[in-house]
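# Notes for the structure review
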Amino acid sequence: MKVSYFPGCTLKNKAKDLDAYAYKSAAALGVTLEEIENWQCCGGVFTTARDEVATKLSSVRALKEAADKDQPLITVCSACHNVIKQTNHAMQTDKEFANKVNRYMACEKSYAGEAQVYHYLEMLRDLVGFDTIKAKVTNALKGKKIAAYYGCLLLRPNRVMQMDDPENPTIMEDFIKAIGATPVVYAKRNECCGAYIAMESPALAEKSSNAIVQNAKAAGAEMIITACPLCRYNLIKNGADIPVVYFTELLAEALGVKEDTNE
Amino acid sequence: MNNQNLKEEILRMSGVHPEKCMRCGKCSGTCPAYSEMEYHPHQFVSMVDNGEIEPLLNSESLYKCLSCFACIERCPRGVEPAKLVEAIRLIAIRRQGANHMTANDVPALLDADIPQQAIVSAFRKYSK
Amino acid sequence: MQRVGVFVCWCGSNIAGTVDVQAVSDALKNEPGVVFSTNYQYMCSQAGQDIIKNAIAEYKLTGIVVCSCSPRMHEATFRKTAAAAGLNPYMVEIANIREQCSWVHKDILTGTEKAIILGKAAVAKVNLNAPLTPGETPVTKRALVIGGGIAGIQTALDIADAGFPVDIVEKNPTIGGKMAQLDKTFPTLDCAACILTPKMVDVAQNENIRIFSFSEVAKIKGFVGNFDVTIKKKARYVKEELCTGCGACTEKCPMKKVPNEFNLGMDTRSAIYIPFAQAVPKVARIDPDACNMLKKGKCGICSKVCAAGAIDYTQKDQYIEEKYGAIVVATGFNPISMDKFDEFAYSQSKDVITSLEFERLTNAAGPTAGKLLRPSDHKHPHTIVFVQCVGSRCDSCAEKGKEYCSKICCMYTAKHAMLTRDKYPDTEVYVFYIDVRTPGKNFDEFYRRAVEEYGVKYIKGMVGKVTPEGDKLKVQASDLLANRQLQIDADLVVLAAAIEPDKSARPLATMLTASMDTNDFFTEAHPKLRPVESPTAGVFLSGACQGPKDIPETVSQAGAAASKVIGLLAKDKLTGNPCVAHSDEMMCNGCSTCERVCPYGAITYEDKEFRMPDRTTKIRRVASVNPAVCQGCGACTVACPSGAMDLKGFASAQIMAEVDAICK
């Protein structure tokens, strides 16, 4: 299976692991990630104002390329996923906005949100199947108690994201089960780590992140997994004393391809 | 712009219907940035509805919202307070010289591990 | 040719405000057959009716058209007026120029133009009307009550008290419904069991009442006065007539770990069980999903210990057919699932419970024998947070919850909070509310007592997130009046879940052809004036199946429904609707299409001898309508391929005449 892939700025810099393990694991699962040509940064956050057009164009370009190739568009970073999926939804539902975008881009064929956007986790669940992953796991992470940290961007707003129940999600827990480990459910798994407020009020990010780690540990977690580089940064920066790792790293480990060198 | 025009501009940008609010306060009950805010999510809704925009435009609260959408997700009336915060913040920083964060501010805020994502996000939220 | 009179009503300013009534009566004067046309302020008033009566006599009218409100409102009134003046009541036609015209138009020109067109259509129709005489049908003097909660119980007792036999069909093994699960009842704090169980016993002992417990309505045919109902008596694997309710079987049953639904899964029961001590009928039931004998054919202990020989592992579902004159729906409510509201961590902690679960936790017959202990560790909770309006009053765009106010939660939460403070004064009790709604006799006083005498902390605001951590529930909420966010370490969180109609209501409504609203509450015939009747004749509504209701209101409505049933059953005969289908035998080709589409089973086929033009005789199969059963729905007239079926009072020719008049 060939899919379009949008890595995003951080995955080519501070979060190279998230990207590298995504490639290795995909290859092991028979999925070819075709990187969007000349992709541009999504901007990190979706601007909900309907009159913001320019900030959403990079997402539309990526979406359009995937749609033109008739491939699903895969994202890994929670922030990219949120921005791209929300932009796609705006292209589908907000005609005035979509008109402005299409006039600006002046492409031959206008774009109306035809692309299918999947987060890598959704790709695992819906396109590959957790059962398939289970079958391909060579190095099951048995006995490991892992807390899934969703944060806010993967799940909300649910009307647009449609990934899972926004208050009681299970996709990451199912992923953890698929790689042989034991999921730990805790209430703060869908609360915000503080995100970009780390730049503005580090104390708030610290308070939010601490509460999350503490809640996960109280529930018995030995490790936290995330899909978001900023979540990982905030949790670690603010003193998480259990490992916080990217889910793709654990996937690569379970599939036995973690040490493979990239081709 | 007078307050009425500002209110209309905010409602148009955000697509929010503040009149749907039933004053339950769940947005403020769920907000992780509440303690940092001078005006809280439920106040954004009622103040916009009442046309009291200036105090909001000048409040630091605009820069404390995390855009985590918890208020949007949990509002029983579908009001979406965070979209009001976003619209007002944009009106504030679109004014000339009103950027809340400039490129010159950034180097001092960095450490070795901070992901690019944090910088672009903050920049998008705080400056034009 | 008819001599038609036209009477245009102003309905005060309701019609005259957006329709030029003078122009309407003037325009209709020139329609074919019209010999008299006038308008008046209130045509339904005595003076207005006199105008009609006098005109019928003076102008020798053979048909009249009243341009007024919906025929649902006053068709019967004007038919009576016509009859009083010696005119056949079916020579009256109503043009609805209010609901379908003046109320929906703002512009007087448009409104007037449309009113004239509607009037012309009615004149065109009345020109083709023929006098009709209704037939009569007998009434089966027995009522069916569907649902055996307090609503059904009260309705059945009241009907039985008037001397009519009543059957209660209850889907659970016992009657009693939700009220049987409650602890105390507001605002007087009587114990629910103390006031309910005597009524349950009354039901059991009443000679006029039969209880079909663990039964469901499987099929309903017929119409007002003559319903044919099939009741499915589900296999309970215990012979009801032999079981004495001694309970020996439940004690000896080895399968003891089955979640007990009566206590909402907070404790366990055996595979053979009696739901609770005061169950009516007090008869055991075997749960086939838990019983080893039924699943694997191994065990049989209950059968060995039953002195009465009541156990029957081979029992099958039984179908009973019965006739009824009236049907009362009393299917009740349930709290909604908390699945979509996990910001309150209901699925994550045993100590986040619903209000109904709280009832069981404080009930002397509940899993903790009435001691308020938290489900997780059976410790006494010292800080309790009650959350109101969970899933109620949600906007449809919030995509979860219900749009309506569930009505009962403010009062039961005040009760829970008050009783907790009364019994355990060392407990801190917080109630988060959006509005406190207590409009009932002694209701607001009750709520104020909770605050002023019992020290319950009412906080205007909503809980945003509950985080279970260690043995605490961290509650984050807003206090709107103090404009602050609260963090409370609670031991127990109680959610006032919205209520919704029981899931059995929707399929039942389909069987009854009774209408429902978008929330699956049954619709009443008129929200103010006919609140306990369904628009479907002979179907009545009792209790929360019609909308959220507390016990006092449910009991009042149950009595009201009973009085309507008694009024119906007291009649020996019902005047039927003469607007029924009839078949032109010469055109009928015997295809049976009409028989298949008839929802009432009113059409049969018979072989009839016909004399042919060549003087031979021929046997032909033709449709025949039973006018006592036909409800005049018209399904057969559109299904009939040869045009043989027609409806009296709504003949195809009449409807085409109306269409022509409108399109002219």
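An account of the accompanying structure is given in this report. (Residues numbered from 1 in each chain as written. Chains lettered and ligands numbered in written order. Predicted model: local features only at pLDDT ≥ 70, side-chain atom pairs only at ≥ 80, totals over all residues. Heavy atoms only, no water.)

## Concerning the interface of chain B and chain A
To keep it simple, the criterion reads: The contact definition used throughout considers only heavy atoms, calling two residues in contact when any of these lie within 4.5 Å. Throughout, the accessible surface (probe 1.4 Å) given up by two parts as they are put together, summed over both, is called the buried area. Salt bridges, as used here, are contacts in which a Lys or Arg side-chain nitrogen is within 4 Å of a carboxyl oxygen on Asp or Glu.
Chain B puts 47 residues into the contact, and the matching count from chain A is 45 residues. Summed over both partners, the interface of chain B with chain A buries about 3,900 Å², with 56% contributed by carbon and sulfur atoms. Linking chain B with chain A are seven salt bridges. One salt bridge in this structure joins Glu 191 of chain A and Arg 74 of chain B, with 2.8 Å as the shortest N-O distance.

## Comments concerning the sheet that holds strand S17 (residues 318-324) of chain C
Residue and element names in this part refer to chain C. Keep this limit in mind: Two strands are counted as paired when DSSP detects at least two bridges linking them. Secondary structure elements follow DSSP: runs of H or I of four or more residues count as helices, runs of E of two or more count as strands, with numbering from the N terminus. The axes used here are C-alpha line fits, helices contributing only the stretch in contact, and every angle between their N-to-C directions lies in the interval 0 to 180 degrees.
With respect to topology, three strands assemble into an open sheet ordered S11-S12-S17, the strand pairing being antiparallel. Each of the sheet's edge strands pairs with one partner strand only, and the pair in question is strand S11 (215-223) and S17. Direction aside, the axes of adjacent strands within the sheet are offset by 20° on average. Relative to strand S12 (residues 226-233), S11 runs antiparallel, the two sharing eight bridges. Considered in S12, the bridge of Gly 222 is made with Phe 227.

## A look at the interface of chain A and chain C
On the chain C side, the residues contacting the 15 residues of chain A number 15 residues. Together, the buried faces of chain A and chain C total about 1,100 Å²; carbon and sulfur atoms form 39% of this surface. Contact with chain C buries area across many residues of chain A, yet Arg 159, Glu 167 and Ala 187 of chain A alone supply 44% of it, more than any other trio. Applying the counting criterion to the chain A and chain C interface returns two salt bridges. Salt-bridge contacts for Lys 465 of chain C lead to Glu 191 of chain A; the nearest nitrogen and oxygen are separated by 3.1 Å.

## Some thoughts on the state of the cysteines
Let me state the cut-off plainly: Any pair of cysteine sulfurs within 2.5 Å is marked as a disulfide. Under the scheme applied here, a residue whose accessible area is under 20% of the maximum for its type counts as buried, over 50% as exposed, and between as partly exposed, the area being computed with a 1.4 Å probe on protein chains only.
With the rule as written, the count across this model stands at one disulfide over all chains. What pairs with Cys 191 of chain C in a disulfide is Cys 194 of chain C, and their sulfur atoms sit 2.4 Å apart. Note on the Cys 191 of chain C and Cys 194 of chain C pair: the S-S dihedral is about 90°, so by sign convention the disulfide is right-handed. Cys 191 of chain C sits in the partly exposed class, given a relative accessible area of 23%. No disulfide involves Cys 192 of chain A; its nearest neighbouring cysteine sulfur is the one of Cys 152 of chain A, lying 3.8 Å away. A residue is classified by how much of its surface remains accessible, and Cys 192 of chain A, at 3% relative accessible area, is buried. The thiol of Cys 410 of chain C is not disulfide-bonded; the next cysteine sulfur, from Cys 389 of chain C, is found 6.0 Å away.

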